[in-house]
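Structural overview for review
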Amino acid sequence: MNELRQIMADTVEKLFSDQVTKNLKEQAEAAVFPEKLSQAIAENGLLHVLVPENMGGVSGQFADAEVIARAVGRHAVPLPIVEQIIANYLLAGAGITPPDGITVFAPVRENETVHLKDGVVTGTATRVPWGRKADHVAVVTEEGIALVKAEDYSLTENQNIAAEPRDTLEFKGTKSLASGNLPSGMTVHSIFALGAMMRASQMTGAIEWILEASVQYANDRVQFGRPLGKFQAIQQNMAEMAGHAAAAGAAALGAFQAADLAEEGDIDSTFEIAAAKTRISETAGVVTSHAHQIHGAIGFTYEHDLHFRTRRLWSWRDEFGSDSYWADWIGGHILELEADDLWPWLTTRPT
Amino acid sequence: MQYFNFDPYSLPPEAEELRQEVREFLHKELADYPAVLRSRSWAGLDPDFSRKMGEKGWIGLTWPKKYGGGERSFFERYALLEELLAYGAPVGSHWIADRQSGPTILRFGTEEQCHRILPGIIKGESFFCIGMSEPDSGSDLASIRTKADKVDGGYLINGTKVWTTGAHHCDWMIALVRTSPPSENRHAGMSQFLINLKQTKGLTIDPIQNLAGEKHFNMVVFEDFFVPEEDRIGAEGDGWQQVTAELAFERSGPERYMSSIQLLIELIREAKLDPSKKAQEQIGRLIAHLATLRRMSISVAGKLESHSNPALEASVVKDLGAIYEQEMPEIAHRFARTEASMTAATDFEQVRAYITQAAVSFSLRGGTREILRGIIARGLGLR
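Rules of the game
- Residues numbered from 1 in each chain as written.
- Chains lettered and ligands numbered in written order.
- Predicted model: local features only at pLDDT ≥ 70, side-chain atom pairs only at ≥ 80, totals over all residues.
- Heavy atoms only, no water.
- UniProt positions renumbered as here; feature names shortened; annotations may be inferred.
- Helix = DSSP H or I, 4+ residues; strand = E, 2+ residues; numbered from the N terminus.
- Expected span 1.5 Å × (residues − 1).
- Bend = angle between axes of the 7 residues up to and from the residue.
- Buried < 20%, exposed > 50% of the residue type's maximum accessible area, 1.4 Å probe, protein only.
- Contact = heavy atoms within 4.5 Å.
- Buried area = accessible area lost by both parts, 1.4 Å probe.
- Salt bridge = Lys/Arg side-chain N within 4 Å of Asp/Glu carboxyl O.
- Polar contact = N/O pair within 3.5 Å; in protein donor to acceptor, adjacent residues only side chain to side chain.
- Arc of directions from axis to C-beta.
- Pairing = 2+ DSSP bridges.
- Axes fitted to C-alpha atoms, helices over the stretch in contact; angles between N-to-C directions.

As recorded in an unreviewed UniProt entry, chain B goes by the name Acyl-CoA dehydrogenase family protein, listed as coming from Sneathiella sedimenti.

Looking at an unreviewed UniProt entry, one finds chain A named Acyl-CoA/acyl-ACP dehydrogenase, with Sneathiella sedimenti as its source organism. As recorded by UniProt, the Cofactor (unreviewed entry) comment attached to chain A reads in full: "FAD". Quoted straight from UniProt, the Sequence similarities (unreviewed entry) entry for chain A says "Belongs to the acyl-CoA dehydrogenase family."

**Description of helix 8 (residues 270-295) of chain A**
The periodicity of an α-helix, 3.6 residues per turn, causes residues three or four positions apart to be oriented the same way. Residue and element names in this part refer to chain A. Compared with an ideal rise of 1.5 Å per residue, which puts 26 residues at 38 Å, helix 8 spans 37 Å between its outermost C-alpha atoms and is within 8% of the ideal. At Ala-284, helix 8 shows its largest bend, some 30°. The buried count for helix 8 comes to 21 of 26 residues, which makes it a mostly enclosed element. Phi turns positive, to about 65°, at Gly-296, one or two residues after helix 8.

**Considerations on the interface of chain A and chain B**
Residue-level contacts link 51 residues of chain A with 51 residues of chain B. Here chain A meets chain B over a buried area of about 4,300 Å², counting both sides, of which 63% is carbon and sulfur. A per-residue breakdown of the area chain A buries against chain B is headed by Leu335(A), Trp343(A) and Thr351(A), which together make up 19% of the total. Counting the contacts that link chain A with chain B gives four salt bridges. Joining chain A to chain B, the criterion identifies 20 residue pairs in polar contact (both at pLDDT 80 or more). Elements with a contribution of two residues or more to the side of chain A that touches chain B: helix 6 (188-220), helix 7 (232-263), helix 8, helix 10 (323-334) and helix 11 (342-346) of chain A.

**Notes on helix 2 (residues 22-29) of chain A**
Residues and elements named next belong to chain A. Inspection of helix 2 places Leu-24, Lys-25 and Ala-28 among the buried residues, and these make up the whole buried set. Viewed along the axis of helix 2, the buried residues span an arc of 100°, placing them on a single side of the element. Those residues of helix 2 that are buried are in contact with helix 1 (3-19), helix 3 (35-43) and helix 9 (306-316). Just past helix 2, the residue Ala-31 takes up positive phi, approximately 70°.

**Notes on the sheet that holds strand 8 (residues 178-180) of chain A**
Residues and elements named next belong to chain A. Spatially, four strands are ordered 1-4-5-8 in an open sheet, and the strand pairing comes out mixed. This sheet does not close on itself; its edge strands, each paired only once, are strand 1 (103-106) and strand 8. Geometrically, the sheet is characterised by an average inter-axis angle of 20° between neighbouring strands, direction not taken into account. In the sheet, strand 1 pairs with strand 4 (residues 136-141) via four bridges, with the strands oriented parallel. By the bridge assignment, Thr-103 is partnered in strand 4 with His-136. Against the sheet, helix 5 (residues 81-93) engages strand 1, strand 4 and strand 5 (144-149), with an angle of about 80° to strand 1.

**What to know about the sheet that holds strand 2 (residues 115-117) of chain A**
All names here are of chain A. Spatial strand order, 2-3-7-6: four strands in an open sheet with antiparallel pairing. The two strands at the open ends of the sheet, each matched to only one other strand, are strand 2 and strand 6 (154-156). Taking each pair of neighbouring strands and ignoring which way they run, the sheet shows an average axis angle of 15°. Sheet topology note: the strand 3 (residues 120-129)/strand 7 (residues 166-175) ladder contains eight bridges and is antiparallel. By the bridge assignment, Thr-124 is partnered in strand 7 with Glu-170.

Below you can see the structure in the form of structure tokens.
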């Protein structure tokens, strides 16, 4: 890990360990926005990790952002952190200095189209993460990126399984504050893929926390006169979960590294992102199942910390394309190859 | 808390150069090699092919030059193995010697043993098998009973080894046997020996047919079989520690996720003839797993290259890899429109018939799923 990445990792770990308490997460689900934490994150420059220095950012790589995304998942931080990172990246790419306050991006679903014509935005974006808390939205259209103000569109509240805001934004001829081109080499679909990439890393963070909590519980909880972890049936399940956690980590990191290569113009990173989102979303069910099985009834209570991660996994595996969506995308690509070219093709991919 | 380390590695340019060279060689050598034979993967035997590999310098690739090795990196070896497996090359004759017997001798053997044994392996002329399991000792390897009693100039070995793949074709076995009676320390009192399989006195090798009709593995019976002192590997009593290291080599290669790749290739060929959304998505899932396993497997090669112990990570990849390899025939079955058979008209159905039968062994050989998960559980701090 390079120096910047290590600093990032230490900063987020300290910040989230201190501030993302169970109480804060419960409050957030009861619609009390963690204002203080939100500001602390902004002040630390975490949201500008992908923004160039000359626009007030850090000029970091995607692999630096990965460290943040993983910690967001690990600590189940109830804030639009990865969404702001992507929004700021898109704005900077379009030559627009990211404004103060919270900026998220939309649309976030593959089949939704919003249009930009002569600086005016039209269309509907559903399930936009934290739409209601945004001061601005970076709107992604085939025509380019448009920055709009919160008061200039209508909003309907909605949420995911983990009670994270997922709102509908309607742009009925919304005049943009500024607009610019999509980041070089990117399409609407590859921006959608960036969302999938962030979710892959967040899920990995959540899975790692769940594994540690499960191992801890297995060692602490005594039944039949010995810790649960001494039973072979439990060991087998924990080992299986650990394997999936390791695979998730490898897949997520691969996606971010590929995205950095794509940024340098070497490759199209959609395959690595698709593989990560597929692999990790597929695994979420196994991991949550084993985790709840080991925790027993206490893990099924709202009181216990486990559900903040498991409910997020059940939400995040669907968001920005489920495993079915991305597996279909990969399959479509593979079936364009000759069968005998599968291996030669795979070995050209970055590891 | 991080339980495992799967740091990413990129294969260096020299590995990719070697890959192209190997690919061209295989393309030429195996032009007419049928798909069903390719699907045997590293169980396919062809001593002539192994000798050609030896001529190319592709056996013992990482070993020291003074024994005839290539002194090349584990990444280059990794790329070589991947290509051999992807093409389904018949590498079975020399595979075990290259993967684990040679490295065991290199690491624990004497200079004399290295000079005597390794050059033959490297030339693709000297083949090895593994003498670990016994009729009453499978997963519980420490319970072995085959013993070596000290006599003038060496040892007399008595006992039975079983599931010894290739013993009937091989020149040597590395056997784990007791040199002291069992004690409270279950892992004490064992030693490894070089067993010269061409020395017939006191040795019986009987092939055992597997459910697919193949005769790969054997029962090997020792009756007062004499082994000279100079054929003991390492010190008396160090056998368990050595065999643990050997198993790490056995479990760390790409063959632990690539055994069913011929079926994946045929499945894609089949899906292109009869495209469906369902098949497309399923193939996408398989490729997502394949790419992830490959990253993890390369990371294990990176651990070998940096001389750190790959045992735990290798167990993780082998466990995930075996599940993946075993899932393949089940998925292929869901998409099949005709019946699988070794005498079917299509490559798809022949390969499917073979892999369906072979797959059950993938989570047995080289350490069962349960043993691997026990190792992983220990890594988690549960045992």
